[in-house]
Amino acid sequence: MATQTTNTRGNWNSKLGFVLAAAGSAVGLGNIWRFPTVMAENGGAAFLLVYALLVFIIGYPVMVAELSIGRSSKKNPVGAFRALSNSKFFPIVGFWCVLCGIAILSFYVIVAGWTLSYFFEQIFHYAGMMEAAQWISALDNGLLNATVAIIFMALTVWIILGGVSDGIERTVKFLMPLLLIVMVIMIVYVLFQPGAGEGIRVYLVPDFSAIDGDLILSALGQAFFSLSLGMGALITYGSYLSRKENIPEVGGYVTFADIGIAFLAGLLIMPAIFMAQAQGVEVFNEDGSLFAGVALIFQILPELFHNMGGVIGLIFGATFFLLLSIAALTSSISLLEVPTSYVIDEHKVRRKRAAIYVGSAVTVISIVIAFDTSLIGTIDFIFSDIGLPLGGLMMCIFLGYVWKMERAKDELRQGFENVDNSKFFPVWSIFIRFICPALIILILSMTVYNAVT
Ligand code: PFF
C-alpha cells in the first residue's frame, strides 16, 4: 500500500508504467522532428556520434540525478529544492525549471498541432480535396496555427486531468508500443525503396570535419531536449516513483528508449529524403545543403507520401503524422505536468483546477506565437539550447555540493541495495561533481561567446 502522502500526490502503478511514461516524455517531436532536422543542419553522422556521446556522459548522469531528487523529495522542482536544502537560491532554480516548461510547451503545442493538420492534409489530398488540403497545411495561417495549438493543448489537459496512473500511465501504456510498431513497419518499407541507400550513407558515414563548436552545442541542446532533462520533468515524474525501483536501471531504460527511437527516426527520415529526391522532389538548398527546419518534415515528407500515390501513400502519410502526434502528446503531457504539479503542491490547488489554469495560461502564449512562428526558433534557442543545459548544470551543483552525494546514495540504495559495493556510484559521483558541470559550462560559454561575437 502506498503511504498517505504518496497517495494524495499520485503514484505510478508499475515499473513498466513509469518507464513508458518517462520514455513517453523523452520520445517526442524532439526525436522525430527536431533530431533529424538538427542532424541535417549539422552534417549527418558526425552529429549522431557527438550526440550519442553526450547522451551517455552528460544526459544519463543528469537523468539519474533528477530522478533521485524527485523521488527523495516527492515534490515538484520548486518544492524539491526547498525540501532538500535550506538554500534560498535553489528554489529560484526550480522556478526557472517551471518557466522553461511553460516556454517549451507554448511552442511545442503549435508544432504538435501541425502534425495533426498534416494528418488531415494527407486524407484531403487522397480524397482529391486539394483546396482543403492546401488550406489545412498552410503553416503561416495564424488563426489555423492557434486553433490546432488549442486543440492539442485541450487533449494534453484532458489526459493530465485523469491524474498520474489513470491519466498519464494508462495513455502511454497504449500509445508507446503502438508508436514503435508503426515506426518499424515504415522503416522496413522505406529501406527497400530506390534512393534509400544514399540516405543511409549520409546518415551513417561520418564526416568528422563537420564537428565544430556549433555542432557540439546543438548536440548538447538536443540531448537535454530529447531526454526531457534540465527542467525538472524527471524530478516530477521521479516524485511519483516507488522506492522499490532501481533508479540507475530505470533511467538506463529510458535513455536507451530515447536514443533508440531517435536513431530509428533518422533511419526513417534520412532515406525518405533521398527517396523523395529520386522522385524529383527538391531537397537541397541553393548552396547544396539539405533542406532543414520545418521544411524537412512538413514539406519533403508529405510530398513523398503524395508521390507514393493511392491507398499506400494515404496509409503511410496519415500514419506517419498520427505517429508524430502520439509521440508529441506523451511529451506535452510531461511538459504540462511540471507547472501543474508546482501549482498543486505549492499553492494547494486541486489537480483539475491546476491543469486547466496552467493549460489556459500557456495557451495564451501559444496564440501569440501562432501568429508569428519565427518566435519558435528564438524561444527554442533560449529555453532549450541554453535553459535546459543551465538547469542541468544547477542540478549537478545542487546534488554534488548542496544536497551532497551521500544523501543521494541513501536514496539510490532504496531499490538498489548493492549501491555501496557497485562501481556505479563512484563513477556517477565523479560525473555529477566534476565532468558534467565542467562540460556544460564549457559548451554554454562557447554558445554565449558565439552569440555575442
Ligand atoms: N523530450 C521531448 C521531445 O523530445 O520531444 C520534449 C520535452 C519534454 C522536453 C519534456 C523537455 C521536457 F521536460
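A short tour of the structure in this document, coming up. Keep in mind that this is a model prediction, so the values were computed, not measured.

Rules and cut-offs
Residues numbered from 1 in each chain as written. Predicted model: local features only at pLDDT ≥ 70, side-chain atom pairs only at ≥ 80, totals over all residues. Heavy atoms only, no water. Helix = DSSP H or I, 4+ residues; strand = E, 2+ residues; numbered from the N terminus. Rg over C-alpha atoms; globule rule 2.2 N^0.38 Å. Contact = heavy atoms within 4.5 Å. Lys, Arg positive; Asp, Glu negative; His and termini not counted. Charge placed at Lys NZ, Arg CZ, Asp CG, Glu CD. Near = heavy atom within 4 Å. Polar contact = N/O pair within 3.5 Å; in protein donor to acceptor, adjacent residues only side chain to side chain. Areas by Shrake-Rupley, 256 points an atom, 1.4 Å probe, with all protein chains shown as cover. 1 Å grid on protein atoms, 1.4 Å probe; cavity = no way out; pocket = protein on both sides within 12 Å on 5 of 7 lines; lining within 4 Å. Sits in = over half its atoms within 2 Å of the grid points. Nonpolar A, V, L, I, M, F, W, Y, C, P; charged D, E, K, R; others polar. Phe/Tyr/Trp six-rings, centres within 6.5 Å; stacked < 30°, edge-to-face > 60°. Buried < 20%, exposed > 50% of the residue type's maximum accessible area, 1.4 Å probe, protein only. Lys NZ or Arg CZ within 6 Å of the ring centre and 35° of its normal. Expected span 1.5 Å × (residues − 1). Bend = angle between axes of the 7 residues up to and from the residue. Points joined across faces, edges and corners; volume = space filled by probe spheres on them. Core = buried A, V, L, I, M, F, W, Y, C linked by side-chain atoms within 4.5 Å.

The helix and strand inventory of the protein chain stands at 18 helices and 0 strands. Computed over its C-alpha atoms, the radius of gyration of the protein chain comes to 21 Å, within 12% of the 22 Å expected for a compact globule of 453 residues. Each principal axis of the C-alpha distribution contributes one length, and for the protein chain these read about 60 × 50 × 40 Å. Nonlocal contacts in the protein chain, meaning residues at least 24 apart in sequence, comprise 83% of its contacts between residues at least 6 apart. If you average the places of the 24 positive and of the 29 negative side-chain charges in the protein chain, the two averages end up 19 Å apart.

Further remarks concern the site of the ligand. Every one of the 15 residues lining the ligand counts as a neighbour, but Ala 26, Gly 30, Tyr 108, Phe 225 and Met 231 are closest to it. With respect to the ligand, the backbone of Phe 225 contributes an N or O atom lying 2.8 Å from a nitrogen atom. One of the side-chain N or O atoms of Ser 228 is found 3.0 Å from a nitrogen atom in the ligand. Taking 340 Å² as the accessible area of the ligand by itself, protein coverage stands at 100%. When each cavity is represented as a set of grid points, the ligand is found to reside in the largest cavity. Considered class by class, the residues forming the shell around the ligand number 7 nonpolar, 8 polar and no charged.

Considering all chains together, one arrives at 28 aromatic pairs under this definition. With a centroid separation of 6.2 Å and 45° between ring planes, the pair formed by Phe 35 and Phe 47 is classed as tilted. In this pair, Phe 35 is assigned in helix α3 (residues 29-41) and Phe 47 in helix α4 (residues 45-73), connecting sequence segments 12 residues apart. Given a relative accessible area of 0%, Phe 47 falls into the buried group. Ring plane angle 40° and centroid distance 5.2 Å describe the contact between Tyr 118 and Phe 298, whose orientation is recorded as tilted. Linking Tyr 118 in helix α6 (residues 90-126) with Phe 298 in helix α14 (residues 294-308), this pair joins segments that are 180 residues apart in sequence. Given a relative accessible area of 6%, Tyr 118 falls into the buried group. When its relative accessible area of 4% is taken as the criterion, Phe 298 is described as buried. Taken together through their ring pairs, the aromatic side chains of Trp 114, Tyr 118, Phe 298, Phe 305, Phe 320 and Phe 321 make up a single cluster. Over the aromatic face of Phe 225 sits the side chain of Arg 34, whose NZ or CZ is 4.6 Å from the ring centroid.

Our next topic: helix α17 (residues 375-413). A rise of 1.5 Å per residue sets the reference length of α17, with its 39 residues, at 57 Å; its end C-alpha atoms lie only 45 Å apart and thus fall more than 12% short of the reference. The principal kink in α17, of about 100°, is found at Trp 403. Just downstream of α17, Gly 415 is the residue with a positive phi angle, here 95°.

Using a probe with the size of a water molecule, rolled over the atoms, empty space left in the structure can be pinpointed. If you walk through the whole model with that rule in mind, you get 2 cavities of 30 Å³ or more. Space inside the largest cavity adds up to approximately 150 Å³. Every element with two or more residues in the lining of the largest cavity is listed here: α2 (15-26), α6, α11 (213-226) and α15 (310-347). For the second largest cavity, the calculated volume is near 50 Å³. Around the second largest cavity sit Met 186, Val 190, Leu 268, Ile 269, Ala 272, Leu 301, Leu 304, Phe 305, Met 308 and Phe 320, which together line it. Elements with a minimum of two residues in the lining of the second largest cavity: α9 (164-191), α13 (247-278) and α14. With 4 residues, α14 is the single largest residue contributor to the lining of the second largest cavity. Taken together, the residues of the lining of the second largest cavity break down into 10 nonpolar, no polar and no charged.

Below, the discussion takes up the nonpolar core. Grouped together as the largest cluster of nonpolar side chains are 163 residues, with contacts concentrated most on Phe 320 and Trp 428. Not counting residues up to four positions away in its chain, the partners in contact with Phe 320 are Ile 32, Met 186, Leu 268, Ile 269, Ile 297, Leu 301 and Phe 305.

Right, let's talk about the side chain of Thr 363 for a bit. Structurally, Thr 363 can be placed in helix α16 (residues 351-371). Thr 363 gets classed as buried once you look at its relative accessible area, which sits at 13%. When sequence neighbours within four positions are dropped, the list of residues in contact with Thr 363 reads Ile 150 and Met 153.

So, about the environment of Tyr 60. You can see Tyr 60 is positioned in helix α4. A C-alpha to C-alpha distance of 9.7 Å links Tyr 60 and Ala 223, two positions 163 residues apart in sequence. With sequence-adjacent residues up to four places away left out, Tyr 60 is seen in contact with Val 55, Pro 248, Gly 251, Gly 252, Thr 255 and Phe 424.

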